[in-house]
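Reading the structure
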There are 2 protein chains.
Amino acid sequence: MMFNDFKLIGDRPVYIQVKDYLQKMIAQGGLLADQKLPSTRELSELLHVSRNTVIAAYTSLEDEGFIYTIRGKGSFAAAVIPARRCHEPSHDLKLDWKQRLSGTAQLADELDLMKRGIRAAKGTISFTSIAPDEKLFDLDQVKRAFLDRMSIEGDVLLNYGYAKGYKPLMEYLLQYMENKGVNVSGKDLLITNGFTEGFELVLSALQKRHGTVLCENPTHNTAIKNLKLHGYDITGIEMESDGICLDKVEQALQEQSFDFAFLIPSYHNPTGIVMSPEKRVKLIELMTAYQIPIVEDGFNEELRYSGAHVAPLIASAGASNNVVYIGSFSKVLFPGIRVGWILADHELIYYLESIKRARSIHTSTLDQSLLYQYLLNGNLDKYLKRARAEYKRKYEWTKQCIEEHIPCKRVSGDGGLHVFVEFEQGFKTRELLKMCSERGVIFTPGDNFYTDGTGQHTMRLGFSRVADEDISQGIRIIGQAAAQLMG
Amino acid sequence: MMFNDFKLIGDRPVYIQVKDYLQKMIAQGGLLADQKLPSTRELSELLHVSRNTVIAAYTSLEDEGFIYTIRGKGSFAAAVIPARRCHEPSHDLKLDWKQRLSGTAQLADELDLMKRGIRAAKGTISFTSIAPDEKLFDLDQVKRAFLDRMSIEGDVLLNYGYAKGYKPLMEYLLQYMENKGVNVSGKDLLITNGFTEGFELVLSALQKRHGTVLCENPTHNTAIKNLKLHGYDITGIEMESDGICLDKVEQALQEQSFDFAFLIPSYHNPTGIVMSPEKRVKLIELMTAYQIPIVEDGFNEELRYSGAHVAPLIASAGASNNVVYIGSFSKVLFPGIRVGWILADHELIYYLESIKRARSIHTSTLDQSLLYQYLLNGNLDKYLKRARAEYKRKYEWTKQCIEEHIPCKRVSGDGGLHVFVEFEQGFKTRELLKMCSERGVIFTPGDNFYTDGTGQHTMRLGFSRVADEDISQGIRIIGQAAAQLMG
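What you are looking at is a predicted structure, and each value in this text was computed from that prediction instead of being measured.

Attention now goes to the relation of the copies chain A and chain B. Superposition record for chain A on chain B: RMSD 0.0 Å, screw rotation 180 degrees, translation along axis 0.0 Å. Taken together, the turn and the small shift mark the pair as related by a two-fold rotation axis. A symmetric contact is evident, with 100% of the interface residues of chain A recurring at the interface of chain B.

Structure, rendered in structure tokens:
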């Protein structure tokens, strides 16, 4: 019998559920064109809903053109050809999409670590995430910021915005960067869907002259992926405890031409190292001498746990226009809100604006305005104070546990949401991962971050979302397995 | 004297303003390293703020590493080297970014109509927008949806999500498409930052075999731009009153190979034409015979003003997997929320997911969840009913005014937020635009939408955001200018 498979689910207006049910039936050919529908009274009995509900559903279906009504005769299914009927003979075209994929699609899949990672079973202690701990989120302030902004200009926020970004946020961020010591004259700002879109836009805007990029080794794995997707050869320069090795940088610059350098000077991913002030000055001088643009990733800058403020490279560069700074609050505040920014020479931004428009029109005005109001209300300082205290505690706890349990050569990291562990050369953290995952603990093998296939003896431990007792237990398990592997 | 340029602005905590002021001074070298700051009492007098405010500001500055305190001696500026000091000798590097731009950057700028359009002076009557009328937005329901969702899982929403999309929204949209008659088996869905990102992802995923695309002529100008940015040659097929001319399609298919077809079957942009059910069936048969994938733009589908529901091509294609449907609520609901979706063969989606992740990690979970809750609460039906009634009224008013005032050959459009006007061949709407803009009226010249440089005798009039009296006045002015031009 018809209409006997109707089931109500909670939290959705009942008349809409009745309407959806009938609409699907009509659209898929379960009710044929001009077939009479039950009267509202009949259907209300069949579906066990009120008659008013059925009337509302029929009215809505008529509005949408799925049924028509003849006064005194009742309602009838409209001819919603040409949705294909199930019983029609089938000449279905089955394309082999694999044969039609671009190199980009294939490479993006190949380099997609999220598809290749070990899936954490329930109860697994996972050190793979460097996302913030959502328990720290001040939801009430987020709600307040949203409601504040909606009251001021809700209608504007929900309509189209500008490719460059939401003006009040742009002005706020320009000021924010000025407060970090950046000389903003001659520079301009573009809002992006987080760091990743920002980096993608810059990669699309730059001419590939030599097809070569210089960066730290190891470095941010998403950056490696996107550089490879754009066909760049990557020269990774080894890290020292105070940042990239300048002698090796100079040597590389003498031997080869580079299109640009990609650098993470503060709380570097994955090593957590902060480049020293002295190195920053010398690095800028070197890059100036060789006329090399720098793309600076400032993603973690705010998560400093001790010491003086260190200005970003774009501040050290003064009035120079060769640093392209990409910022984001994704690690600091809320990753679910996809907002980042590029601060760079105004001429470059002028072109980036057009690529941004072609790629995604503009970044969600809702997200931008919510973030703006949240910042304007003075929440960042309070949140950072709380978040820093908590992450610093966890960071120290993690380091202490590692020292106690893991027979490693070095632990690095001065801030941020992770530490980086190096074993002796020859040790294989992928073998360690295999053992640990069988014992319910996973982490990120460090070779993911290396530009040259090395780093097999390293691993990254993200602690931001791991509970204290899991940190100690997980690290103990890793330590035991490592000791076993070492024999 | 120092500290005399401090000015308070409203709506931002005062201590943050004091902190920002001092931070900038320190970061930019206005206060040197180890220079003593005024006591909290002194500064509170200098800045005319409370002493507690200054104490809070100093505490925050110390947290951020901009100052340090010696007990009993006071607070001192930290050494925030290496932000460049204004008075240091300058060896600034000035790169010529224009010399370093990719072809993509240059072409994106060239094809960027937003940069080239006539700027509307204040008071101008503008028919250029096809954005929704924000007066129709039901802000209270949007707020409610946000608060509902935040209460349920605010912490989850603000943290990282998945590249494919926010699960509840994906399931909702899959059901939504099924209710339009789509056979979803073997298909999958990916959430994007609106139609434009969706189209971009598809263009990046498809292999360029012949470098040729077939589409309606005229067609959506953003699609033309992005096809050109990807290096495609475009074959535009002329439109008839019931959609693309099938004879010409067949002829083109016989003469040439195409990588895919880009089509807007419902409320076509810019002509507003709806492809007839019969044509849809035949078109699908043709494309099946020639093994051509179809990229379907469903952007305007919901803005139907009369007649029966017309199913999208992907519904007509039944179990075939050759239609890639890109949907969006940007024209129907809120463009400020950048959410669209791709419904296509599951294998294609598998690869698109990796490109999406490489491009922008994922679409804002906040936007997705707000949209989901808004839809779940049953608002779309109510909103559409109201919006359709209003737009239909404006649409009919616009058509009536055109018939009365504009000496044109044809007006097309069966729904949506605009009408398309054709004059006799030889008439130049760009000349008309020049005259009209001097008289305070602007519109979009139709040649923007043509794939082959023709269409000089056409124009698009968007009416959604123009008040009734401005519609009549604007169209009268256009009509007078047109009559003048015709001599």
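The rest of the description comes next.
So, about helix H7 (residues 167-178) of chain B. The terminal C-alpha atoms of H7 of chain B lie 16 Å apart, and with 12 residues this matches the ideal 16 Å at 1.5 Å per residue to within 8%. Along H7 of chain B, the residues that are buried comprise Leu169, Met170, Tyr172, Leu173, Tyr176, Met177 and Glu178 of chain B.

What follows concerns the sheet that holds strand E11 (residues 340-345) of chain B. All names here are of chain B. Ordered in space as E4-E11-E10-E9-E8-E5-E6-E7, the 8 strands form an open sheet in which the pairing is mixed. With one partner strand each, in any of the chains shown, strand E4 (187-192) and strand E7 (243-244) form the two edges of the open sheet. Direction of pairing for strand E5 (residues 212-217) relative to strand E6 (residues 233-240): parallel, over a ladder of 6 bridges. Of the residues in E6, the one forming a bridge with leucine 214 is threonine 235. Relative to E6, helix H9 (residues 221-229) is tilted by about 155 degrees, and along the sheet it contacts E5, E6 and strand E8 (260-263).

Following the criterion strictly, the structure yields 56 salt bridges over all chains and no others. When the shortest N-O distance is used, the salt bridge between glutamate 197 of chain A and lysine 356 of chain A registers 2.8 Å. Of the two residues, glutamate 197 of chain A is situated in helix H8 (residues 194-205) and lysine 356 of chain A in helix H13 (residues 346-360); the sequence distance between them amounts to 159 residues. One salt bridge connects lysine 135 of chain B with aspartate 133 of chain B, and the closest N-O pair in it is separated by 3.6 Å.

Turning to the UniProt feature "domain: HTH gntR-type" (unreviewed entry) in chain A, a few remarks are in order. Within the UniProt annotation, "domain: HTH gntR-type" (unreviewed entry) is assigned to residues 12-80 of chain A. Here residues 12-80 of chain A runs as 51% helix and 12% strand, with 26 Å between its end C-alpha atoms.

Contacts between the two partners involve 139 residues from chain A, matched on the other side by 139 residues from chain B. Carbon and sulfur atoms supply 55% of the area that chain A and chain B bury against each other, a total of about 12100 Å² over both sides. There are 12 salt bridges connecting chain A and chain B. Between lysine 385 of chain A and aspartate 63 of chain B there is a salt bridge, and its shortest N-O distance comes to 3.1 Å. Along the lines of polarity and charge, the residues of the side of chain A that touches chain B split into 58 nonpolar, 40 polar and 41 charged.

A few words now on empty space enclosed by the protein. Tallying each qualifying case throughout the model produces 6 cavities of 30 Å³ or more. Taken as a whole, the largest cavity holds about 70 Å³ of empty space. Lining the largest cavity, in full, are Glu197, Glu200, Arg359 and Ser360 of chain A together with Glu197, Glu200, Leu201, Arg359 and Ser360 of chain B. Those elements that place two or more of their residues in the lining of the largest cavity are H8 and H13 of chain A together with helix H8 (194-205) and helix H13 (346-360) of chain B. Among the elements that line the lining of the largest cavity, the one with the most residues is H8 of chain B, at 3 residues. When the residues that make up the lining of the largest cavity are grouped by side-chain class, the tally is 1 nonpolar, 2 polar and 6 charged.

Moving on, we get to the packing of helix H2 (residues 40-47) of chain B against helix H3 (residues 51-63) of chain B. All names here are of chain B. Between H2 and H3, whose axes approach to 8 Å, the crossing angle comes to 115 degrees. Put simply, H2 runs roughly perpendicular to H3. Of the two possible hands of crossing, H2 and H3 adopt the one that is right-handed. Between H2 and H3, the residues in contact are Thr40, Arg41, Leu43 and Ser44 and Arg51, Val54, Ile55 and Tyr58, respectively.

Once that is clear, we can look at H9 of chain B. Residue and element names in this part refer to chain B. The buried fraction of H9 amounts to 8 of the 9 residues, a majority that puts the element mostly inside the structure. Within H9 the residues assigned to the buried category are Asn221, Thr222, Ala223, Ile224, Lys225, Asn226, Leu227 and Leu229. Immediately beyond the C-terminal end of H9, within one or two residues, lies glycine 231, with a positive phi of roughly 80 degrees.

So, on to the sheet that holds strand E13 (residues 418-422) of chain A. Pairing in this open sheet of 4 strands is antiparallel, and the strands run E12-E13-E16-E15 (chain A) from one edge to the other. Only two strands of the sheet have a single neighbouring strand rather than two, namely strand E12 (410-412) and strand E15 (444-445) of chain A.

Further remarks concern the packing of aromatic side chains. Under the criterion given, the structure shown has 39 aromatic pairs over all chains. Judged by centre distance (5.1 Å) and plane angle (55 degrees), the ring pair of phenylalanine 329 of chain A and tryptophan 341 of chain A falls under tilted. In this pair, phenylalanine 329 of chain A is assigned in the loop between strand E10 (323-328) and strand E11 (340-345) and tryptophan 341 of chain A in strand E11, connecting sequence segments 12 residues apart. With relative accessibility at 2%, the residue tryptophan 341 of chain A sits in the buried group. With a centroid separation of 6.3 Å and an interplanar angle of 80 degrees, the aromatic rings of tyrosine 172 of chain B and tyrosine 372 of chain B are classed as edge-to-face. Remark: tyrosine 372 of chain B occurs in helix H14 (residues 365-376) and tyrosine 172 of chain B occurs in helix H7; sequence separation between them is 200 residues. Relative accessible area serves as the criterion here: at 13%, tyrosine 372 of chain B is assigned to the buried category. Linked through ring pairs, Phe137, Phe334, Tyr374 and Tyr383 of chain A together constitute an aromatic cluster. The ring of tyrosine 351 of chain A carries the charged tip of lysine 115 of chain B above its face, separated from the ring centre by 5.8 Å. Over the ring of tyrosine 232 of chain B we find lysine 208 of chain B; its NZ or CZ atom is 5.6 Å from the centre of that ring.

Analysis parameters
- Residues numbered from 1 in each chain as written.
- Chains lettered and ligands numbered in written order.
- Predicted model: local features only at pLDDT ≥ 70, side-chain atom pairs only at ≥ 80, totals over all residues.
- Heavy atoms only, no water.
- Least-squares fit on C-alpha atoms with pLDDT ≥ 70 in both.
- Contact = heavy atoms within 4.5 Å.
- Helix = DSSP H or I, 4+ residues; strand = E, 2+ residues; numbered from the N terminus.
- Expected span 1.5 Å × (residues − 1).
- Buried < 20%, exposed > 50% of the residue type's maximum accessible area, 1.4 Å probe, protein only.
- Pairing = 2+ DSSP bridges.
- Axes fitted to C-alpha atoms, helices over the stretch in contact; angles between N-to-C directions.
- Salt bridge = Lys/Arg side-chain N within 4 Å of Asp/Glu carboxyl O.
- UniProt positions renumbered as here; feature names shortened; annotations may be inferred.
- Buried area = accessible area lost by both parts, 1.4 Å probe.
- Nonpolar A, V, L, I, M, F, W, Y, C, P; charged D, E, K, R; others polar.
- 1 Å grid on protein atoms, 1.4 Å probe; cavity = no way out; pocket = protein on both sides within 12 Å on 5 of 7 lines; lining within 4 Å.
- Points joined across faces, edges and corners; volume = space filled by probe spheres on them.
- Parallel < 35°, antiparallel > 145°, perpendicular 65-115°, else oblique.
- Left-handed = near helix turned anticlockwise from the far one by under 90°.
- Phe/Tyr/Trp six-rings, centres within 6.5 Å; stacked < 30°, edge-to-face > 60°.
- Lys NZ or Arg CZ within 6 Å of the ring centre and 35° of its normal.

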